[in-house]
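Commentary on secondary and tertiary structure
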Amino acid sequence: MLKQRIITAAWLAPLTLLGLFGLEGTPFALFTAVVVLLAGWEWTRLAGLESPRCRGLAVAALGGAMLLLGLAGSTQAIWPLYLGALGWLLNLYWVTGYPARSVQWHSTGARLAMGAWVLLPTWVGFSVLRESGAVWLLFVLLLVWGADIGAYFVGRALGRRKLAPSVSPGKSWEGVAGGVLVSALLAVLFAAWQGLGVIGGLVLLAVTIVVTLASVLGDLLESMLKRHRGLKDSSQLLPGHGGILDRIDSLTAAVPLFALLHLGVS
């Protein structure tokens, strides 16, 4: 398994970095669209669809919605990001109430709708951040990765109080605090690097803490859906790493929210 993880990472990491930072404009939108559509294919499984035909039709519908957004010029619009933010408030309500509130979203249709308000704003968020400058796309990626690393090590060393035992028993409040600390330090470094000044730095710090907490919610949402379906991974598209959603679950919440807040303060 370790060998397979290393082999997959060896080709996946350079390809991802090339796509995210070597492309811009329409090629970048197409690259991220492919990633989101692959995640959409996995989401159809989490939603309860089993037939490849039905799953393909659902992904085609997602692709059609993305095409309409692109043709309407909405990949740089703020309204899809507001839609995503409202959707994540509902996701928070469901995650914190699992399993009691699962009756509200257990239907396949409800879970497919959930996927739409998660994945479409993610795609728009990536485009907004890439157009605003690669540095902010880099920042949100490092923020999520740093928070994950901080949460993992602090959680293993100090984790005592469970964050959401019915959703993800391994996560702790101490781990969340460790992730927030790492991302906060990153925000301070970026504020200094970009010359944001005291006020700008404090704003970035506040945004960073909110987005870090949102990234935790993104992870918990996928964990909730997998637990509901009795799945370990969203798929086996990435040998040794699970599926696309397993790699970007935190980003589906962090990217559109950071893009929304970035547009709001820029």
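Bear in mind that the values here come from a model prediction, so they are computed numbers and not experimental data.

What about the layout of surface pockets?
The volume enclosed by the second largest pocket comes to roughly 510 Å³. Lining of the second largest pocket is provided by 24 residues; of these, L92, L213, A214, V216 and L217 occupy positions nearest its centre. When residues of the lining of the second largest pocket are traced back to their parent elements, those giving at least two are α4 (79–96), β1 (162–164), α7 (173–193), α8 (197–229) and α9 (244–265). When residues in the lining of the second largest pocket are grouped by element, the largest group, eight residues, is from α4. Within the lining of the second largest pocket, the residues separate by chemical class into 21 nonpolar, three polar and no charged.

Digging into the nonpolar core
Core analysis: the largest hydrophobic core is formed by 69 residues, its most contacted members being W43, F139, L221, M224 and F258. Those residues in contact with L221 that lie beyond four places of it in its chain are W43, W88, N91, V95, M114 and V118.

Structural notes on the pattern of salt bridges
Counting across every chain of the model gives six salt bridges. A salt bridge links R161 to E174, with the shortest nitrogen-to-oxygen separation between them at 3.2 Å. Linking R161 in the loop between α6 (134–158) and β1 with E174 in helix α7, this pair joins segments that are 13 residues apart in sequence. Residue class for R161 comes out exposed when judged on its relative accessible area of 55%. The shortest N-O distance in the salt bridge between K226 and D246 comes to 3.0 Å. Placement of K226 in helix α8 and of D246 in helix α9 is noted, with a sequence separation of 20 residues between them. With respect to class, K226 is no different from D246; both count as buried.

Considering the side chain of T32
Of note, T32 is situated in helix α2 (residues 25–46). Take T32: its relative accessible area is 4%, and that puts it in the buried class. Setting aside anything within four residues of it in sequence, one finds T32 in contact with L20, W123 and F126.

Quick look at the pairing of strand β2 (residues 168–172)
Bridge count between β1 and β2: two bridges; the pairing is antiparallel. Residue pairing across strands places A164 opposite S168, the latter belonging to β2.

Brief notes about the packing of aromatic side chains
Following the criterion strictly, the structure yields nine aromatic pairs and no others. A centroid spacing of 6.3 Å and a plane angle of 45° characterise the contact between W136 and F190, whose relative ring orientation is tilted. Here W136 is found in helix α6, whereas its partner F190 is found in helix α7, with 54 residues between them in sequence. The residues W136 and F190 share a single accessibility class, namely buried. Relative to F153, the ring of Y152 has its centre 5.1 Å away and its plane inclined at 85°; by these criteria the two rings are edge-to-face.

Describing empty space enclosed by the protein
Inspection of every chain in the model, using the stated rule, returns one cavity of 30 Å³ or more. In this structure, the largest cavity spans a volume of roughly 50 Å³. Forming the boundary of the largest cavity are W43, W88, V118, G218, L221, E222, L245, D249 and T252. Every element with two or more residues in the lining of the largest cavity is listed here: α8 and α9.

Regarding the UniProt feature "transmembrane region" (unreviewed entry) in the protein
In the numbering adopted here, UniProt assigns the feature "transmembrane region" (unreviewed entry) to residues 28–44, 56–73, 79–100, 112–129, 135–154, 175–193 and 199–221. Across residues 28–44, helical content stands at 100% and strand content at 0%; the span's end C-alpha atoms are separated by 24 Å. Counting secondary structure, residues 79–100 comes out at 82% helix and 0% strand; the distance between its end C-alpha atoms is 31 Å.

Some words on the packing of α2 against α8
Helix packing for two helices is described by the angle between their axes and how far apart those axes are. Where α2 meets α8, the axes come as close as 9 Å, and the angle between the chain directions of the two elements is 45°. Judged on the interaxial angle alone, α8 and α2 are oblique. Across the interface between the two elements, W43, R45 and L46 of α2 pack against L221, E222, L225, K226 and R229 of α8.

Conventions we followed
- Residues numbered from 1 in each chain as written.
- Predicted model: local features only at pLDDT ≥ 70, side-chain atom pairs only at ≥ 80, totals over all residues.
- Heavy atoms only, no water.
- 1 Å grid on protein atoms, 1.4 Å probe; cavity = no way out; pocket = protein on both sides within 12 Å on 5 of 7 lines; lining within 4 Å.
- Points joined across faces, edges and corners; volume = space filled by probe spheres on them.
- Helix = DSSP H or I, 4+ residues; strand = E, 2+ residues; numbered from the N terminus.
- Nonpolar A, V, L, I, M, F, W, Y, C, P; charged D, E, K, R; others polar.
- Core = buried A, V, L, I, M, F, W, Y, C linked by side-chain atoms within 4.5 Å.
- Buried < 20%, exposed > 50% of the residue type's maximum accessible area, 1.4 Å probe, protein only.
- Contact = heavy atoms within 4.5 Å.
- Salt bridge = Lys/Arg side-chain N within 4 Å of Asp/Glu carboxyl O.
- Pairing = 2+ DSSP bridges.
- Phe/Tyr/Trp six-rings, centres within 6.5 Å; stacked < 30°, edge-to-face > 60°.
- UniProt positions renumbered as here; feature names shortened; annotations may be inferred.
- Axes fitted to C-alpha atoms, helices over the stretch in contact; angles between N-to-C directions.
- Parallel < 35°, antiparallel > 145°, perpendicular 65-115°, else oblique.

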